[in-house]
Amino acid sequence: MNSEPSAVTTSGLTKDFGPNRALDGLDLNVRTGEVHGFLGPNGAGKTTTIRILLGLLRADSGEAHLLGGDPWRDATELHHRVAYVPGDVTLWPNLSGGEVIDLLGRLRGGLDQRRKDDLLRRFDLDPRKKARTYSKGNRQKVGLVAALAAEPELLVLDEPTSGLDPLMEETFRECVRQQRREGRTILLSSHILSEVEALCDRVTIVREGSAVESGTLAELRHLTRTSVSAELTTVPEGLAELPGVHKLEINGTHVRCEVDNPALDEVLRRLTTGGVRGLTSQPPTLEELFLRHYEQRPETTTREGASR
Amino acid sequence: MSTLRGTGTLVRLILRRDRVRIPVWIVGVAVFLLGSASTFPVAYDSAADRQARASLMDNPATVVLTGPGFGRQDYTYGAMLANEMGGMTAVLIALMSILLLVRHSRHEEESGRAELLRAGVVGRHAPLTAALVTVLGVNLALGAVIGSALPVVLPRVSTAGSLLFAAGLTMVGTVFTAVAAVTAQLVEHGRAASGVAAGLLAVSYALRGAGDLGDGTLSWFSPVGWAQRTRAYVDDTWWPLSLGVALTAVLIAGAFLLRTKRDEGAGLMRGRSGRVAASPLLSGPFALALRLQRGVLTGWTVGYVLFGAFVGAIGEQAAEFVAENEMARRYFSQAGAAGDSAETMIATYLSLMGMVAGGFALQSAGLLRAEESAGRVEPLLGGTPLSRSRWALSSLAATLLGSVLVMGGAGLGAGLVHAGISGDPDDAPRVLGAALAYLPAVWVLAGLATLLFGVLPALSGLSWLALAGIVFVGMFGPLLRLPDWASDISPFAHVPTLPTEEFASAPLLTLTATAVSLAAVGIAAYRRRDVV
């Protein structure tokens, strides 16, 4: 049904909860074999999208395909090939962590004990404790071990590291890289930008229920600004009037500014007329990318708007 | 005192959180008691009727179940109320107190919300004090409502007797508020804290039952016994209340002492570890559904086996009494039970147990909604190949199996003991069959719960309202002379009262078909709706 080798595609997905529009025409494309970052602040519609992809919610309109099937109609068959970690893992208070992991594994048709034991060790999780005594981070580990021990084609992780300590976060990253090497596709919803930057091949940024950016980090950066910092002999006139220059700061002979990438050539030419003694330029961090999308009004968040 | 800082604010927080729950408890208990009391003048209009009722109460089984029967010689409405309703109402109020106290003490600590408060300018003892103040206040308010309303509802009862009766009930509630305050310090989990306190309540009720049957000594070890020994309406005696007040004071002091000896969030007793891995039995949705209601199912089954055995044991005795007593026989034929054999008694009790087992069905079928609203089905339905219909059917299968165990337990308990007394081994399977005949009606309630779960998940609790209606119609319908159509709404009205009545398969098949249809519609709707 889809010529591109995509694990997940949605187009024009909408979902209303009463008067609130949670999704407003969301497009998402996760290619097979990639780690796809799904970025957005709280309430942007990430979890709603994931719940639709898992067949827990039914979209009001739009299309969604998951591993070539319909996530609502074919939920049961698809879930043999999908594993999921919710952002807030809730467990049965009177079952131990070990019991929950085994149960979830058996519902999938069994799980590899060696893999499970290895993960328990790596995440340093005591499986004997009753779920009600686990902290938030430990409950999250139970969900992670259960999902990572399964051997699915697609891993759906909804803010999976909330509550994990930095050491465990590193373990999580290793596990995700290993899963990727093993050929699995991973949809990683997150608002931890360093995590996305470290793990993801491609990123989709959502805002108020629709995707505002999608692509590799390099592509996204290309569409935006570069920070330029230069030490000059003399500061040339008219820098502020150049198109594409933002946040210009002149401090003696030191110049800092942000430049829209298409205008970079022109700005650098002008700077060299003042005699460049030192120059650093930095691509925008994901954080800057991300913040820019949320500082802007919705009508200016199209790609054309981004280069203004 | 700095350790009590913030108590007033916390009391207001509790009242705000429970602005629905507390009034519902007060109104619910008051309606239960006053509603039952209001049927007395209807059912027992003349003094002769009341004396007939009094002689009916004069048997060991009723004494164990209700009270010592003060004032049976002159069975006024007041004596009737105190004897027949006092014990049950005291238990209800004690349960209310336990649940409310634990909800606002140990549950708050367990959820971590108490920590949020304690980190602010809130004294160490403020949360427990606030919970105690509120729950004791609820008890006093309930006592005031009951005490002032009884003289209005019942003709010719004294104001002083009503006040004493209500004060006795409040005293029991107060004692168990304090008991729960202690158990909440001992264990880490709210459910265990209320469980231990409720267990002590059961022990104290059993003690007074044994005491009332014997020379009365054991009754003096039970707060419920103290309340009954105020002899309200018969020979108003106030001083036993002071025993309750003294015990409450000791227990509250003990609770605060224990509170200072433990850390926030910890209990004085440690919880046990669980299993490293799941047992091979825990391997599917049906096993999970059973595992999640293991405690509930064990409790109901054990309770029903014991109560069944008790019914089997008293059947013969009660029947002998009815046979010898003209007035009691008249009462029984009025209430709709024919014949005078032990089996009539057993059949009557089984019909009551069948209705109450509807509570098990609702609790068990309510698992689907409880798991959904706790967010725990999400990893099951979203992350594993488990389909919604398979999950719902597995849970219903657990309900089905559970209901067979519960009613089968009652039937076996009653049947074996009855057969042992009568000496006829054939009696056991006949009584067991009589108990199992209520299953289709029980399943209708499970079906109703499933229907609501699928169609109106947010209003799943309505099924309990239906059960309350069914029990009310079943117990008071004949007395209130309700029209047939009203009684016939209850699925239990259609079950033949075995073993005395003829067996009829048609109504049982119809009930089963109704249960299946309700559940089928519910599951079909569940498959189409969002997981919320």
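Residues numbered from 1 in each chain as written. Chains lettered and ligands numbered in written order. Predicted model: local features only at pLDDT ≥ 70, side-chain atom pairs only at ≥ 80, totals over all residues. Heavy atoms only, no water.

Asker: Would you mind going over the overall build of chain B with me for this structure?
Answerer: Counting its regular elements, chain B contains 24 helices and 0 strands. Computed over its C-alpha atoms, the radius of gyration of chain B comes to 24 Å, within 12% of the 24 Å expected for a compact globule of 532 residues. Seen through its principal axes, chain B has C-alpha atoms that stretch 70 × 65 × 40 Å. Residue burial in chain B is summarised as follows: out of 532 residues, 53% are buried. On chain B, roughly 22500 Å² of surface is accessible, and the fraction owed to carbon and sulfur atoms is 66%. (Helix = DSSP H or I, 4+ residues; strand = E, 2+ residues; numbered from the N terminus. Rg over C-alpha atoms; globule rule 2.2 N^0.38 Å. Buried < 20%, exposed > 50% of the residue type's maximum accessible area, 1.4 Å probe, protein only. Areas by Shrake-Rupley, 256 points an atom, 1.4 Å probe, with all protein chains shown as cover.)

Asker: Before we go on, may I ask you to explain the interface of chain B and chain A in this structure?
Answerer: You'll often see interface size given as the accessible area lost when the parts meet. Opposite the 38 residues of chain B that make contact, chain A presents 36 residues. Both faces considered, chain B and chain A share a buried interface measuring about 3300 Å² in area, 57% of it formed by carbon and sulfur atoms. Considering only the side of chain B, the residues that lose the most area to chain A are B:Arg376, B:Glu378 and B:Pro385, jointly responsible for 19% of the buried surface there. Linking chain B with chain A are 4 salt bridges. The tally of links between chain B and chain A comes to 24 residue pairs in polar contact (both at pLDDT 80 or more). Secondary structure elements with two or more residues in the side of chain B that touches chain A: α13 (285-292), α18 (377-383) and α24 (505-528) of chain B. Tallying contributions element by element places α18(B) first for the side of chain B that touches chain A, with 6 residues. Per-class residue counts for the side of chain B that touches chain A are 15 nonpolar, 11 polar and 12 charged. (Contact = heavy atoms within 4.5 Å. Buried area = accessible area lost by both parts, 1.4 Å probe. Salt bridge = Lys/Arg side-chain N within 4 Å of Asp/Glu carboxyl O. Polar contact = N/O pair within 3.5 Å; in protein donor to acceptor, adjacent residues only side chain to side chain. Nonpolar A, V, L, I, M, F, W, Y, C, P; charged D, E, K, R; others polar.)

Asker: Explanation requested: the pattern of salt bridges in the structure shown.
Answerer: If charged atoms from side chains of opposite charge come close, those side chains can pair. Counted by the stated rule, this structure contains 41 salt bridges over all chains. Put simply, A:Glu182 and A:Arg184 hold a salt bridge, and the shortest N to O gap is 2.6 Å. On the basis of relative accessibility, which here comes to 8%, the residue A:Arg184 falls in the buried class. The salt bridge involving B:Arg229 is made with B:Asp212; its shortest N-O contact spans 2.7 Å. One end of the pair, B:Arg229, is in the loop between α11 (223-228) and α12 (240-260); the other, B:Asp212, is in helix α10 (residues 190-213), with 17 residues separating them in the sequence.

Asker: Just checking my understanding: could you explain the sheet that holds strand β5 (residues 82-85) of chain A for this structure?
Answerer: The strands making up a sheet associate through hydrogen bonds between their backbones, and the pairing can be parallel or antiparallel. Residue and element names in this part refer to chain A. If you walk across this open sheet you meet the 6 strands as β5-β6-β7-β3-β8-β9, and the pairing is mixed. Each of the sheet's edge strands pairs with one partner strand only, and the pair in question is β5 and β9 (210-216). Strand-to-strand, the axes of this sheet are offset by a mean angle of 15°, without reference to chain direction. One ladder, built from 4 bridges, connects β5 with strand β6 (residues 154-158); its direction is parallel. Paired with tyrosine 84 across the bridge in β6 is valine 156. Sitting on the sheet, helix α5 (residues 136-149) is in contact with β5 and β6, with an inclination near 170° to β5. Its contacts with the sheet place helix α6 (residues 166-181) against β3 (35-39), β6 and β7 (185-190), and it is angled at close to 150° to β7. (Pairing = 2+ DSSP bridges. Axes fitted to C-alpha atoms, helices over the stretch in contact; angles between N-to-C directions.)

Asker: Mind showing me how you'd approach the domain arrangement of chain B here?
Answerer: Partitioning chain B into domains gives domain 1 (2-260) and domain 2 (285-528). Here the C-alpha centroids of domain 1 of chain B and domain 2 of chain B sit 28 Å apart. (Domains from an automatic or database assignment.)

Asker: Hey, could you run me through the sheet that holds strand β11 (residues 245-251) of chain A in this one?
Answerer: Residues and elements named next belong to chain A. Read across the open sheet, the 4 strands follow the order β11-β12-β10-β13; overall the sheet is antiparallel. Bordering the open sheet on either side are β11 and β13 (276-282), each of which pairs with just one other strand. On average, each strand axis in the sheet is inclined to that of its neighbour by 15°, with strand direction left out of account. Note: β11 against strand β12 (residues 254-260), 5 bridges, orientation antiparallel. By the bridge assignment for β12, asparagine 251 is matched with histidine 254. Strand contacts of helix α9 (residues 264-272): β10 (225-232), β11, β12 and β13, with the helix running at about 5° to β10, the strand carrying the most contacts.

Asker: What exactly am I supposed to notice about the pairing of strand β2 (residues 20-31) of chain A here?
Answerer: Regular strands have side chains that alternate between both faces of the sheet. Residue and element names in this part refer to chain A. Pairing geometry for strand β1 (residues 6-17) and β2, over 9 bridges, is antiparallel. Bridging across to β2, threonine 9 finds its partner in asparagine 29. In this structure, the hairpin formed by β1 and β2 is closed by a connection of 2 residues, where glycine 18 is found at a positive phi of approximately 60°.

Asker: Quick question: what am I supposed to make of the pairing of β1(A) here?
Answerer: Two strands pair when backbone bridges link them, and β1(A) and strand β4 (residues 61-66) of chain A are joined in this way by 5 bridges, in the antiparallel orientation. Within β4(A), the residue paired with A:Thr14 across the bridge is A:Ser61.

Asker: Help me out: how do you make sense of the nonpolar core in this one?
Answerer: Membership of the largest hydrophobic core comes to 95 residues, with the highest contact counts inside it found for A:Phe123 and B:Trp391. If we skip the residues at most four places from it in the chain, A:Phe123 touches A:Lys141, A:Leu144, A:Val145, A:Leu148, A:Met168, A:Thr171, A:Phe172 and A:Cys175. Listed in part, the 72 residues of the second largest apolar core include B:Ala149, B:Val157, B:Phe176 and B:Ala197. (Core = buried A, V, L, I, M, F, W, Y, C linked by side-chain atoms within 4.5 Å.)

Asker: What am I meant to see in the side chain of B:Thr384 here?
Answerer: Here B:Thr384 is to be found in the loop between α18 and α19 (388-422). By relative accessible area, which is 2% here, B:Thr384 ends up buried. Polar side-chain contacts of B:Thr384 include one of 2.5 Å to the backbone oxygen of B:Leu380. Ignoring any residue separated from it by four or fewer positions in sequence, one finds B:Thr384 in contact with A:His79, A:Leu104, A:Leu107, A:Arg108 and B:Pro379.

Asker: Looking at this model, I keep getting lost on the environment of B:Ala428. Mind explaining?
Answerer: Residue and element names in this part refer to chain B. Structurally, the position occupied by alanine 428 is in helix α20 (residues 427-436). Sequence separation of alanine 428 and threonine 129 is 299 residues, and the distance between their C-alpha atoms is 53 Å. Each residue touching alanine 428, except ones within four places of it in the same chain, is listed here: Gly415, Leu416 and Ala419.

Asker: Got a minute to help me understand the confidence of the model for chain B in this structure?
Answerer: For residues with low pLDDT, the predicted coordinates do not support detailed interpretation. Residue and element names in this part refer to chain B. With 94% of its residues at a pLDDT of 70 or more, chain B shows a mean pLDDT of 88. Contacts from residues 334-338, a stretch scored under 50 in pLDDT, to residues over four places away or in other chains number 6 contacts. Our summary of model confidence lists the complex with pTM equal to 0.74 and ipTM equal to 0.70. (pLDDT = per-residue confidence, 0-100.)

Asker: Can you walk me through the packing of aromatic side chains in this structure?
Answerer: Between two aromatic rings, the relevant description is the distance of the centres plus the angle of the planes. All names here are of chain B. Using the criterion set out here, one finds 7 aromatic pairs over all chains in the structure. Between phenylalanine 307 and phenylalanine 310 the ring centres are 5.8 Å apart and the planes differ by 40°, which places this aromatic pair in the tilted class. Of this pair, phenylalanine 307 and phenylalanine 310 are both found in helix α14 (residues 294-324), 3 residues apart, which corresponds to roughly one turn of the helix. Note on phenylalanine 310: relative accessible area 22%, which makes it partly exposed. (Phe/Tyr/Trp six-rings, centres within 6.5 Å; stacked < 30°, edge-to-face > 60°.)

Asker: Explanation requested: the packing of helix α9 (residues 159-186) of chain B against α12(B) in the structure shown.
Answerer: Packed helices, taken two at a time, are described by the angle between their axes plus the distance between the axes. All names here are of chain B. Where α9 contacts α12, the axes come no closer than 8 Å and their chain directions differ by 20°. As the angle between them shows, α9 and α12 are arranged roughly parallel. Here α9 and α12 pass one another in a crossing that is left-handed. Seen from α9, the contacting residues are Leu164, Ala167, Gly168, Met171, Thr174, Val175, Ala178, Val179, Ala181, Val182, Gln185 and Leu186; seen from α12, they are Leu241, Gly244, Leu247, Thr248, Leu251, Ile252, Ala255, Leu258 and Arg259. (Parallel < 35°, antiparallel > 145°, perpendicular 65-115°, else oblique. Left-handed = near helix turned anticlockwise from the far one by under 90°.)

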